[in-house]
Protein chains: 2
Amino acid sequence: MASNPFFESELFNELNDALRHSSRFTATYRIAADDYAEAKKIARGIAVEQTVECPDELFVNTWIEDSVIGQIEDLKKADPGSYYAIISYSPDTVEGEMTELMNMLFGNTSLQPGIRLMSFELPDSMYRHYPGPKFGRQGIRELCGIEKGPILMSALKPLGRSAKDFGETAYKLALGGCPLIKDDHSLFNQSYAPFKDRVKACVDSVNNANAKTGGRSLYIANCTADSMEFLERAMTAQELGAGGIMAAPGLLGLSIIRELSSAPDFHLPIFLHPCFSGPLVLSADSGISPFCCYGQFSRLAGADAAIFTSFGGRFPFTEEVCRKICDGTETEMGGLRSIFPVPSGGMKWQLFKKMVQVYGPDAIFLVGGALLTESDDLTANMHFYFEKLNEAVNK
Amino acid sequence: MASNPFFESELFNELNDALRHSSRFTATYRIAADDYAEAKKIARGIAVEQTVECPDELFVNTWIEDSVIGQIEDLKKADPGSYYAIISYSPDTVEGEMTELMNMLFGNTSLQPGIRLMSFELPDSMYRHYPGPKFGRQGIRELCGIEKGPILMSALKPLGRSAKDFGETAYKLALGGCPLIKDDHSLFNQSYAPFKDRVKACVDSVNNANAKTGGRSLYIANCTADSMEFLERAMTAQELGAGGIMAAPGLLGLSIIRELSSAPDFHLPIFLHPCFSGPLVLSADSGISPFCCYGQFSRLAGADAAIFTSFGGRFPFTEEVCRKICDGTETEMGGLRSIFPVPSGGMKWQLFKKMVQVYGPDAIFLVGGALLTESDDLTANMHFYFEKLNEAVNK
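Residues numbered from 1 in each chain as written. Chains lettered and ligands numbered in written order. Predicted model: local features only at pLDDT ≥ 70, side-chain atom pairs only at ≥ 80, totals over all residues. Heavy atoms only, no water.

An unreviewed UniProt entry annotates chain A as Ribulose bisphosphate carboxylase large chain, catalytic domain protein originating from Dialister invisus DSM 15470.

The following block contains the structure:
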């Protein structure tokens, strides 16, 4: 399962210190290889495949060889049977296009077993194309008025209930002080609870509860939808008064997330959901490291929080993988804001002590089903969950 | 490597015969499990996770239990240690939204190791949301004037050359009769060869060559770009006279492909490129079968041809996997047109005999580097490759 000592390695520290100041951008790949010579051959293959994608005859002894083609910057042994290769690319090859940046980092190479994209580093100059998260951790804390410690989040479910029902649930959760209340990721625009009706019912409910409590609960509307309709729903959610939006880049691609995040007339935090992204991260020797996928890419696209499946629930990530995702949400990236890691997927209060140990104070704990079913009284459940979270934090 | 006997199984035939006529849509998953009881538990977990995603208390004894939640339609032993589960879902849960359909088929379950999406079946009623390929195999044959047999395609490369250079290469290939000439997938809008300049140079060159030869070579412009810019480039390519466009759904998501394909004012065939899709298909026990990913999903989105990495080149797909991709491009899907499989990735004339055996007459053989470097005379290379293809077909 998706874990190895890369992030503790000297190599990673070197990256952090040196490569960031290069004028080129770099990708670090974990390569399965029996010896150095094989690893070098594979690394050279990546450098060619990712850029010129053709036989030597077409570029050797031209200027393309010196500037366009990827360059092996470093190649070091990792664990037995694997090496880390750092390959650098020219910013000119991708300019400001995020799809081309992702393509250059891993496009065709993603089709090769035994090669895993571990991380990337951009020179500061490239970040002018990536303004990054508008809110990040601090911005979300300000919006929901919680200065420190883990933040509780819950979810409206199940699919099949009416907009009115979701509104009632949202009301009770907000009355109990739930800081963040999000739609289940399967709530789109079904006739059971059409998008606008659902968002309006939940916004009104949360506003009413906030007026009673003096609190600042936020409703996060799932806006994942087909292509441009996603942007429309996000703007509609904003107009209707939602406190944030959720989207699934596994279904939508990442560049449309950047488009929304960068829009001057959009002013809500963006929560990313991991649905459909499993294959990208599940294999230990191919795909993308969760550090890079949920941490680095989410921030590059300008999301403010990345939901992922935590250890201890229904999904397979280990504690170590989850720690690395957190690292990815805050590692230095051209001055971009840190974003919130949002562990989820079968969370419950019994996990809180361990979650506090692993995630520390800067995380959003997403508890859906367990919180909703603790008793019939949702508002009381919120109080109970706050109590348990306080116990875990102050133990 | 991504291969198993599912597609030869009785179960698959049953699917083809029976489930298509159901009013619900179905997904077939391969589940790693030691025995029937474990497989059943996992299948039930999928049915719940993909729909209501919550504990039983929130839906049991409500109408949601009968209509919204996924239903296990069949569960059969596959090879030792694995089972096939067919789970059906209500069309109301996704309505016309392609992202929600994909989410329902595999959203959160994609995050579980040991579960692979093998195929899906929609009732005919759902296809009203999916007009499918505008051209398909027959339409592409008509556009390039080739009535039968494998069609040759080549690629403009490498990144770093100028628009003028690409135009010259396109001219020589078209003069040699190359039916389909596409951009490398790394050609976006770099200053080396800006999008409009490149498309214009290549369109003009191919038109000039066609005027000389009386042929109908088509230039296929890579239009992959960030979010909505993709749609703009595709329309620009059409205005400038391109013969088709290429796009990478691994980067863009599939729903924007459907949006373009369904647009009443867009009239070019769409070629999909597999870059960044590797992790979706590479693992044998998780992710998505290549049959489903490159075959079924491509057609559902309305693409006319699906490029994939063939056996025999630089990538790992076996002959069997490649055969199944072809099956996916033509299996019955609500009357949607068959699309062209486009094997690629290190193809060369020495592979043609085997490729003809495996792919038969209805395929596009994409040969990039090998054709460009056979000799310095590209037009002569085309003649040589036609000769070799004819030999392979008529052997």
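This part takes up the relation of the copies chain B and chain A. Once turned by 180 degrees and shifted 0.0 Å along the axis, chain B lies on chain A with an RMSD of 0.0 Å. Here the symmetry operator amounts to a two-fold rotation axis. Looking at the interface residues of chain B, 100% of them are also at the interface in chain A, so both copies use one shared face. (Least-squares fit on C-alpha atoms with pLDDT ≥ 70 in both. Contact = heavy atoms within 4.5 Å.)

Accessible area lost on assembly of the parts is the figure often given for the size of an interface. All names here are of chain A. Each domain of chain A was delimited in the assignment, giving domain 1 (6–124) and domain 2 (135–394). The C-alpha-based centres of domain 1 and domain 2 are spaced at 33 Å. If you look at the interface, domain 1 gives 25 residues, while domain 2 gives 25 residues. Considering only the side of domain 1, the residues that lose the most area to domain 2 are Met98, Arg116 and Phe120, jointly responsible for 37% of the buried surface there. Summed over the shared surface of domain 1 and domain 2, the result is zero salt bridges. (Domains from an automatic or database assignment. Buried area = accessible area lost by both parts, 1.4 Å probe. Salt bridge = Lys/Arg side-chain N within 4 Å of Asp/Glu carboxyl O.)

This part takes up the packing of aromatic side chains. For the coordinates displayed, the defined rule picks out 26 aromatic pairs over all chains. An angle of 85 degrees between the planes, with centres 6.1 Å apart, marks the rings of Phe106(A) and Phe276(B) as edge-to-face. Highlighted residues: Phe106(A) in helix 4 (residues 98–106) and Phe276(B) in the loop between strand 9 (270–272) and helix 11 (278–281), drawn from two different chains. Note on accessibility: Phe106(A) and Phe276(B) belong to one class, buried. Centre to centre, the rings of Tyr359(B) and Phe365(B) are 6.3 Å apart; their planes meet at 65 degrees, and the pair counts as edge-to-face. What makes Phe365(B) buried here is its relative accessible area of 0%. Through successive ring pairs, a cluster of aromatic residues spans Phe308(A), Phe311(A), Trp349(A), Phe352(A), Tyr359(A), Phe365(A), Phe384(A) and Tyr385(A). If you follow Arg233(B) out to its NZ or CZ, it ends over the ring of Phe195(B), 5.5 Å from the centre. For Lys388(B), the ring lying beneath its charged end belongs to Trp349(B), and the centroid distance is 4.5 Å. (Phe/Tyr/Trp six-rings, centres within 6.5 Å; stacked < 30°, edge-to-face > 60°. Helix = DSSP H or I, 4+ residues; strand = E, 2+ residues; numbered from the N terminus. Buried < 20%, exposed > 50% of the residue type's maximum accessible area, 1.4 Å probe, protein only. Lys NZ or Arg CZ within 6 Å of the ring centre and 35° of its normal.)

Here the focus is helix 14 (residues 352–359) of chain B. Because the α-helix completes a turn every 3.6 residues, residues three or four places apart line up on one side. Listed in full, the buried residues belonging to helix 14 of chain B are Phe352(B), Met355(B), Val356(B), Val358(B) and Tyr359(B). The positive-phi residue at the C-terminal boundary of helix 14 of chain B is Gly360(B), with phi of around 70 degrees.

Residues and elements named next belong to chain A. Taken in spatial order, the eight strands line up as 12-11-9-8-7-6-5-13 in an open sheet, and their pairing is parallel. Two strands bound the open sheet, and with one partner strand each, they are strand 12 (340–344) and strand 13 (364–366). Within the sheet, the average angular offset between the axes of one strand and its neighbour, ignoring direction, is 25 degrees. (Pairing = 2+ DSSP bridges. Axes fitted to C-alpha atoms, helices over the stretch in contact; angles between N-to-C directions.)

Counting across every chain of the model gives 37 salt bridges over all chains. Its salt-bridge partner being Glu97(A), residue Arg233(B) comes within 3.0 Å of it at the nearest N-O pair. Pair noted here: Arg233(B) is in helix 8 (residues 228–240) and Glu97(A) is in the loop between strand 3 (82–89) and helix 4, and the two residues belong to different chains. Here Arg233(B) matches Glu97(A) in class, with each residue buried. Taking the shortest distance from any N to any O, the salt bridge between Asp362(A) and Arg141(A) comes out at 2.6 Å. Highlighted residues: Asp362(A) in the loop between helix 14 (352–359) and strand 13 and Arg141(A) in helix 5 (residues 136–144), separated in sequence by 221 residues.

Listed per partner, the contact involves 78 residues of chain B and 78 residues of chain A. Taking both partners together, chain B and chain A bury about 6,700 Å²; carbon and sulfur atoms supply 59% of that area. For the pair chain B and chain A, the number of links is six salt bridges. Between Arg258(B) and Asp226(A) there is a salt bridge, with the nearest N and O atoms lying 2.3 Å from each other.

What follows concerns unusual backbone geometry. All names here are of chain A. Note the cis peptide between Lys157 and Pro158, where omega equals -5 degrees. Examined against the element boundaries, Pro158 turns out to sit in the loop between strand 5 (151–156) and helix 6 (163–175). For Asn61, which is not a glycine, the phi torsion comes out positive at approximately 70 degrees. Position of Asn61 relative to the elements: it lies in the loop between helix 2 (36–49) and helix 3 (63–67). Phi at Phe276 is positive, roughly 70 degrees, even though this residue is not glycine.

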